Amino acid sequence: QDLVCLYEIREVLEGLAARLAATSIEQAPVEDLEGLLHKDENAIIRGNIDEHIELDLSFHRLVRRIAGNAELNRVLDQIEVQVRLAMLTVTVTSGPHLAVDEHKQIFKAIQSRDPNGAEKCMRAHISRLHETLLNQNPRSGQVEIS
């Protein structure tokens, strides 16, 4: 239940970070985001879930750094600690493939400087994870988190 509440907050804050990132993106961070996406795809192909988790978190961390709002970055850094714990303590299912596809959509919106699209894509990404948590079978311990 705590994670469900956390993901409600995370959806709004990560959406804001993507919106702000789309308004201030420069070429070097575009290349950095794209590089993270390629590395994450390769990690998933190799079945390296630990590497995927780190790259997934790095993608979100870079988006919020690009956003340029120190307070937003601080709050999301605190939330990341709990998100990381969740990612490490639950069984990962098909989430990595979906996460990378959604990250690509977020990236394209940020790259094209589309704040509305970036926020919409990020919120949809986090919302899907939130819904997964809501629908999780508490007995199985299986959930997709990214």
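The rules behind these values
- Residues numbered from 1 in each chain as written.
- Predicted model: local features only at pLDDT ≥ 70, side-chain atom pairs only at ≥ 80, totals over all residues.
- Heavy atoms only, no water.
- pLDDT = per-residue confidence, 0-100.
- Contact = heavy atoms within 4.5 Å.
- 1 Å grid on protein atoms, 1.4 Å probe; cavity = no way out; pocket = protein on both sides within 12 Å on 5 of 7 lines; lining within 4 Å.
- Points joined across faces, edges and corners; volume = space filled by probe spheres on them.
- Helix = DSSP H or I, 4+ residues; strand = E, 2+ residues; numbered from the N terminus.
- Nonpolar A, V, L, I, M, F, W, Y, C, P; charged D, E, K, R; others polar.
- Expected span 1.5 Å × (residues − 1).
- Bend = angle between axes of the 7 residues up to and from the residue.
- Buried < 20%, exposed > 50% of the residue type's maximum accessible area, 1.4 Å probe, protein only.
- Polar contact = N/O pair within 3.5 Å; in protein donor to acceptor, adjacent residues only side chain to side chain.

A. Inspection of the confidence of the model for the chain at higher detail. Model confidence for the chain is summarised by a mean pLDDT of 86, while 86% of its residues fall at 70 or above. Low pLDDT, under 50, characterises residues 139–145; the stretch is placed with 25 contacts to residues that sit more than four places away or in other chains.

B. Expanded view of empty space enclosed by the protein. Counting across every chain of the model gives 1 cavity of 30 Å³ or more. By volume, the largest cavity amounts to about 40 Å³. Taken together, Arg10, Glu14, Leu57, His60, Arg64, Leu76, Ile79, Glu80 and Val83 form the lining of the largest cavity. Breaking the lining of the largest cavity down by element, the ones donating at least two residues are helix H1 (2–24), helix H3 (49–67) and helix H4 (70–89). With 4 residues, the top contributor of residues to the lining of the largest cavity is H4. Across the lining of the largest cavity, the residue classes tally to 4 nonpolar, 1 polar and 4 charged.

C. Structural detail: H1. Along its 23 residues, H1 runs 33 Å from first to last C-alpha, staying within 8% of the 33 Å computed at 1.5 Å per residue. At Arg10, H1 is deflected by roughly 25°, the largest bend along its length.

D. Structural view of H3. Taking 1.5 Å of rise per residue, 19 residues should cover 27 Å, and H3 covers 27 Å from first to last C-alpha, within 8% of that figure. Within H3, the full set of buried residues consists of His52, Ile53, Leu55, Asp56, Leu57, Phe59, His60, Leu62, Val63, Arg64, Ile66 and Ala67. Between the side-chain oxygen at the start of H3 and the backbone nitrogen of Asp50 there is a gap of 3.4 Å, and the oxygen is on Asn48. Directly after H3, the chain includes Gly68, whose backbone phi takes a positive value near 75°.

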